[in-house]
Amino acid sequence: MDDVRTRVPDRETYLVEWAALHGGYDPRTGSGMVRFWLGLTYLLARPLAAAGVAPGAVTAATVVAAAPVIPAAWAGARWVLVCPVVVILSGLLDNLDGAVAILRRRVTAWGYLLDSATDRVCDIGYLVAFWLVGAPGELVAAAGAAALMLEYLRARAAGAGHGEIGVVTVGERPTRIILAAVGLAAAGLLPAHAGAAASAGAAATLTVCAVGLVQYLLSVHGALTAAAPDVPGPSAPAPGETGG
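Owing to the predicted nature of the structure, the values given are computational and were not obtained by experimental measurement.

## Quick look at the nonpolar core
Then, in step 1: In terms of nonpolar packing, the biggest core is built from 26 residues, with Val 69, Cys 83, Val 87, Phe 130, Val 133 and Leu 184 touching the most fellow members.
Then, in step 2: When residues of this core are traced back to their parent elements, those giving at least two are α4 (69-75), α5 (82-103), α6 (109-133), α7 (137-159), α8 (173-189) and α9 (194-227).
Then, in step 3: Look past the residues within four positions of Val 69 in its chain and what remains in contact with it is Cys 83, Val 86, Val 87, Gly 125, Ala 129 and Leu 184.

Right, dumping it as structure tokens:
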């Protein structure tokens, strides 16, 4: 931990600064789920920021917290009940690192990249847990592809000048975390039907991500075509693009 040299901002300031870092999306006028989640995140992150906890330490804790989901799912039977606890804990920690970074004025490009990578690692871990519990591999792979495509398109749209969030879809990460926790909890509580419960969780994840993709594409299509930005052609690759 390092010494804190600035006062921890209040909730209103936190939400304003969060919006500035997320394409101008104002959570105060957004969906109830977003407001609730960010309010809870602020309450939990505030004491960590006041204590001088580094955002990177919270990111590392997210990976550590998520790691048991795979061995617990592989062990099967009642061990699967460890999985929903792990999913919820890691999902909450994932939001805390960004909140601590904002509250401590420690937001960096490297931290943003590391947080995004951690999110994807955890997402894959939750889906692998579904497969280990009994969900068909093809269904799990399809759910993973849909979730990764949604996140990929959002990142590419941001690079094309669209707001990072744009529209909050039904397939956002908090929804996927809830579905993973519920599906794995059902599998642990009903060992005789674990495969069916895991399959239902994976199918629900695929469904919300597919619907989310449609929602996002409709939103971003209107925004980008209205703006009609210049895009790099084949002879002028965008910064960071190397082809292949």
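## With respect to the packing of aromatic side chains
Then, in step 1: Across all of its chains, the model carries one aromatic pair by this definition.
Then, in step 2: Aromatic pair Tyr 14 and Tyr 42: ring centres 5.5 Å apart, planes at 35°, arrangement tilted. Of this pair, Tyr 14 sits in helix α1 (residues 11-21) while Tyr 42 sits in helix α2 (residues 32-50), and the two are 28 residues apart along the sequence. As far as burial versus exposure is concerned, Tyr 14 and Tyr 42 are alike and both buried.

## Describing empty space enclosed by the protein
Empty space left among the atoms is revealed by rolling a probe the size of a water molecule over them.
Then, in step 1: All chains considered together, the criterion is met by one cavity of 30 Å³ or more.
Then, in step 2: In this model, the largest cavity occupies a volume close to 90 Å³.
Then, in step 3: What lines the largest cavity is simply Asp 123, Tyr 126, Leu 127, Phe 130, Ala 147, Arg 173, Arg 176, Ile 177, Ala 180 and Thr 205.
Then, in step 4: Of all the secondary-structure elements, those providing two or more residues to the lining of the largest cavity are α6 and α8.
Then, in step 5: Looking at side-chain class alone, the lining of the largest cavity contains six nonpolar, one polar and three charged residues.

## Quick notes on the environment of His 221
Then, in step 1: Mapping His 221 onto the fold places it in helix α9.
Then, in step 2: Here the alpha-carbon distance between His 221 and Ala 157, two residues 64 residues apart in the chain, equals 9.5 Å.

Calculation criteria
Residues numbered from 1 in each chain as written. Predicted model: local features only at pLDDT ≥ 70, side-chain atom pairs only at ≥ 80, totals over all residues. Heavy atoms only, no water. Core = buried A, V, L, I, M, F, W, Y, C linked by side-chain atoms within 4.5 Å. Buried < 20%, exposed > 50% of the residue type's maximum accessible area, 1.4 Å probe, protein only. Helix = DSSP H or I, 4+ residues; strand = E, 2+ residues; numbered from the N terminus. Contact = heavy atoms within 4.5 Å. Phe/Tyr/Trp six-rings, centres within 6.5 Å; stacked < 30°, edge-to-face > 60°. 1 Å grid on protein atoms, 1.4 Å probe; cavity = no way out; pocket = protein on both sides within 12 Å on 5 of 7 lines; lining within 4 Å. Points joined across faces, edges and corners; volume = space filled by probe spheres on them. Nonpolar A, V, L, I, M, F, W, Y, C, P; charged D, E, K, R; others polar.

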